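# Observations on the model geometry
Single-letter residue listing:
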Amino acid sequence: MATAVLGLQWGDEGKGKITHLLAREADMVVRFNGGPNAGHTVIDRGVKFGTHLVPAGVFYPDTVNVLAGGMVIDLEILREEVETVAAHIGETPELLIAENAHLILPYHRLLEELEGSGAHFGTTRRGIAPTYRDKAAKVGVRAGDLLRPDRLAKRLEWRLDLLKRQWPESEEVAKLDAVQLTEDLLSVAGPLAASIGGATAAIAFALDEKRNVLFEGAQGTLLDVDHGTYPYVTSSATTYAGLGNSIGIPAPVVSQRLGVVKAYQTRVGAGPFPTELEDEIGAGFQQRGGEFGVTTGRPRRCGWLDLVALRYAVALNGVTDLALTKIDVLSGCEEVRVCRAYSIEGEEIERFPVSAEVLEDCRPVYDVLPGWRESLGEIGSLCDLPEAATAYVTHIEEAVGVPIEIVSVGPEPEATIYRGL
Ligand code: IMP
């Protein structure tokens, strides 16, 4: 059985907790997009981790963890994460790195600063866009190049030469040296080099053998480079549609496409956000929900749940069921609002606009539901939820036409309600 876990908002939906829970039963966990811009919060045996690159299966010794071809990898961060998790679980997690995954190199971060794109878009400043741009421009360096040091050195020499011609006045660029960089990369890669290669074949085999494969998405649908709120997006395909291309298997059979949605909306960085609350209600979500970036520590912008955007994300990912997270954060709200449509130029629309400029002009049209006072953290069954919280869950299900199978009521693995239990 294969499952994909997909973010349905602007990231930070709580995919980390959900994938960690599901990974317990998985034979293989495949992270398929993005890089260390992701920040997945995981509590494993009482210890809290903020992971950026390693798939959630690393916490379970018998699980194979794949970093697929659609990813961009910062070797230093990966090495550090693997070592931290190894110390925690008492053995080195099993890892496979796709040869065609691109490497984030020191000059990619530098470029984000030199060009000012990090500040303009409010990116995570992890060199994500320059790395994906190098990939598309055919000047990138891939994980597989680490296996052929001569080729790696030549490629870096050529790339740095180009960079120096583009940035003749930058002292930091002038200092970059291909021989040194090659040495540094090989040294940081160290034991990871043995894990490079064979990713697509391993995934194909696991799927053919009907093993339990979990595909772990990063970021969220509204940050997808093609279908998100461009240009306020990340640089990879974050949706189910991008999965096949990333892993190199056309239309893989993934029977469960589990969409993760937070009970309210958040966004970090710049870009339109129709339901944003710049008042004490939004500040309350930020405080109670701990809405500060795992990767950057930045406060997240908060607002009411946007059902227009959610319906769009559900359709785009072919979502079969939902995990609703952080509903406990809404406790104490006198009323709870959900955006059912947008109003633009005197007209009501229910379709999510492709253009970020149009979305910028959209105003939310809300349905108002009753709130609830009770805290939800201890609740273990859907039928024990307060009436108003149940009405909220049902309202979302009916609005998007997909069942909610998991409800998360706190960060710990135990604070999870499964439908039917
Ligand atoms: P980049 O991916 O660092 O280029 O950032 C582009 C946009 O995506 C910025 O608004 C980031 O804040 C946002 N972003 C990237 N990764 C994540 C994530 O994992 N969670 C939430 N936002 C993200």
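Definitions and cut-offs
- Residues numbered from 1 in each chain as written.
- Predicted model: local features only at pLDDT ≥ 70, side-chain atom pairs only at ≥ 80, totals over all residues.
- Heavy atoms only, no water.
- Helix = DSSP H or I, 4+ residues; strand = E, 2+ residues; numbered from the N terminus.
- Rg over C-alpha atoms; globule rule 2.2 N^0.38 Å.
- Buried < 20%, exposed > 50% of the residue type's maximum accessible area, 1.4 Å probe, protein only.
- Areas by Shrake-Rupley, 256 points an atom, 1.4 Å probe, with all protein chains shown as cover.
- Lys, Arg positive; Asp, Glu negative; His and termini not counted.
- Charge placed at Lys NZ, Arg CZ, Asp CG, Glu CD.
- Salt bridge = Lys/Arg side-chain N within 4 Å of Asp/Glu carboxyl O.
- Contact = heavy atoms within 4.5 Å.
- Near = heavy atom within 4 Å.
- Polar contact = N/O pair within 3.5 Å; in protein donor to acceptor, adjacent residues only side chain to side chain.
- Nonpolar A, V, L, I, M, F, W, Y, C, P; charged D, E, K, R; others polar.
- Patch = residues over 30% accessible without salt bridge, like charges linked within 9 Å, V, L, I, M, F, W, Y side chains within 5 Å.
- Core = buried A, V, L, I, M, F, W, Y, C linked by side-chain atoms within 4.5 Å.
- Phe/Tyr/Trp six-rings, centres within 6.5 Å; stacked < 30°, edge-to-face > 60°.
- Lys NZ or Arg CZ within 6 Å of the ring centre and 35° of its normal.
- Pairing = 2+ DSSP bridges.
- Axes fitted to C-alpha atoms, helices over the stretch in contact; angles between N-to-C directions.

## Observations concerning the overall build of the protein
A count of helical and extended segments in the protein gives 14 helices and 19 strands. What you see for the protein is a C-alpha radius of gyration of 22 Å, in line with the 22 Å of a compact globule of 421 residues. Projected onto its principal axes, the C-alpha coordinates of the protein cover approximately 65 × 50 × 35 Å. Taking all 421 residues of the protein together, the buried fraction comes to 57%. Put simply, the protein shows about 17600 Å² of open surface, and 51% of that area lies on carbon and sulfur atoms. Distance from the positive charge centre (39 side chains) to the negative charge centre (60 side chains) of the protein: 4 Å.

## Here we look at the pattern of salt bridges
When their charged atoms lie close together, side chains carrying opposite charge are able to pair. Inspection of the entire model under this criterion finds 20 salt bridges. A salt bridge links Glu291 to Arg300; the shortest N-O distance between them is 2.7 Å. Neither residue differs from the other here; Glu291 and Arg300 are each classed as buried. We note a salt bridge from Arg340 to Glu348, for which the minimum N-O separation is 3.1 Å. Exposure remark for Arg340: the relative accessible area of 28% places this residue in the partly exposed category.

## Overview of the environment of Ala38
Along the chain, Ala38 falls in the loop between strand 2 (28–31) and strand 3 (40–44). Along the sequence, Ala38 and Glu374 sit 336 residues apart, while their C-alpha atoms lie 32 Å from each other. In contact with Ala38, not counting residues within four places along its chain, are Arg31, Thr51, His52, Ala218, Gln219 and Thr295.

## Describing the site of the ligand
Near the ligand there are 17 residues, and of these Asn37, Thr124, Thr234, Val268 and Arg298 occur at the shortest range. One nitrogen or oxygen atom from the main chain of Gly122 is found 3.4 Å from an oxygen atom belonging to the ligand. With respect to the ligand, the side chain of Thr124 contributes an N or O atom lying 2.6 Å from an oxygen atom. Taking 470 Å² as the accessible area of the ligand by itself, protein coverage stands at 96%. Tallied by class, the residues present in the shell around the ligand amount to 7 nonpolar, 8 polar and 2 charged.

## Focus: a negative patch on the surface
On the surface, Glu76, Glu80, Glu157, Asp177, Glu183 and Asp184 cluster together into a patch of negative charge. Secondary-structure elements contributing two or more residues to the negative patch are helix 2 (75–89) and helix 8 (178–189). Note that Glu183 resides in helix 8.

## Looking at the nonpolar core
In this structure, Ile73, Leu75, Leu78, Leu103, Tyr107, Leu146 and Leu156 are the most contacted members of the largest nonpolar core, which totals 50 residues. Put simply, the parts of the chain that give this core at least two residues each are helix 1 (15–23), helix 2, strand 7 (94–97), helix 3 (106–115), helix 6 (149–166), helix 8 and strand 10 (256–262). The dominant element in this core, judged by the number of residues it contributes, is helix 2, at 6 residues. Beyond its immediate sequence surroundings of up to four residues, Leu146 is in contact with Leu75, Leu103, Leu152, Leu185, Leu186, Ala189 and Ile196.

## Description of the packing of aromatic side chains
This structure, assessed with the given rule, holds 8 aromatic pairs. Relative to Tyr232, the ring of Phe121 lies with its centre 5.8 Å away and its plane at 70 degrees, an arrangement referred to as edge-to-face. One end of the pair, Phe121, is in helix 4 (residues 117–121); the other, Tyr232, is in the loop between strand 9 (213–216) and helix 10 (240–247), with 111 residues separating them in the sequence. With a relative accessible area of 23%, Tyr232 lands in the partly exposed category. Among the aromatic residues, ring-to-ring pairing joins Tyr264, Phe285 and Trp304 into one connected group. Over the ring of Tyr240 we find Arg257, and its NZ or CZ is 5.2 Å from the ring centre.

## Considerations on the sheet that holds strand 1 (residues 2–7)
Each strand in a sheet pairs with its neighbour through backbone hydrogen bonds, running either in the same direction (parallel) or in the opposite one (antiparallel). Spatial strand order, 7-5-2-9-1-10-14-18-19: 9 strands in an open sheet with mixed pairing. A single partner strand is all that each edge strand has here, and the edge strands are strand 7 and strand 19 (416–418). Shown here is a sheet whose adjacent strand axes are inclined to one another by a mean of 20 degrees, direction ignored. Here strand 2 pairs with strand 9 via 4 bridges, running parallel.

## Describing the side chain of Arg300
Structurally, Arg300 is set in the loop between helix 11 (280–288) and strand 12 (301–303). Overall, the relative accessible area of 6% leaves Arg300 in the buried class. Here the side chain of Arg300 touches Glu291 through a polar contact of 2.7 Å, side chain to side chain. Not counting the four nearest positions on each side in its chain, Arg300 is found in contact with Asp12, Lys262, Thr266, Arg267, Val268, Gln286, Gly290, Glu291, Phe292, Gly293 and Val294.

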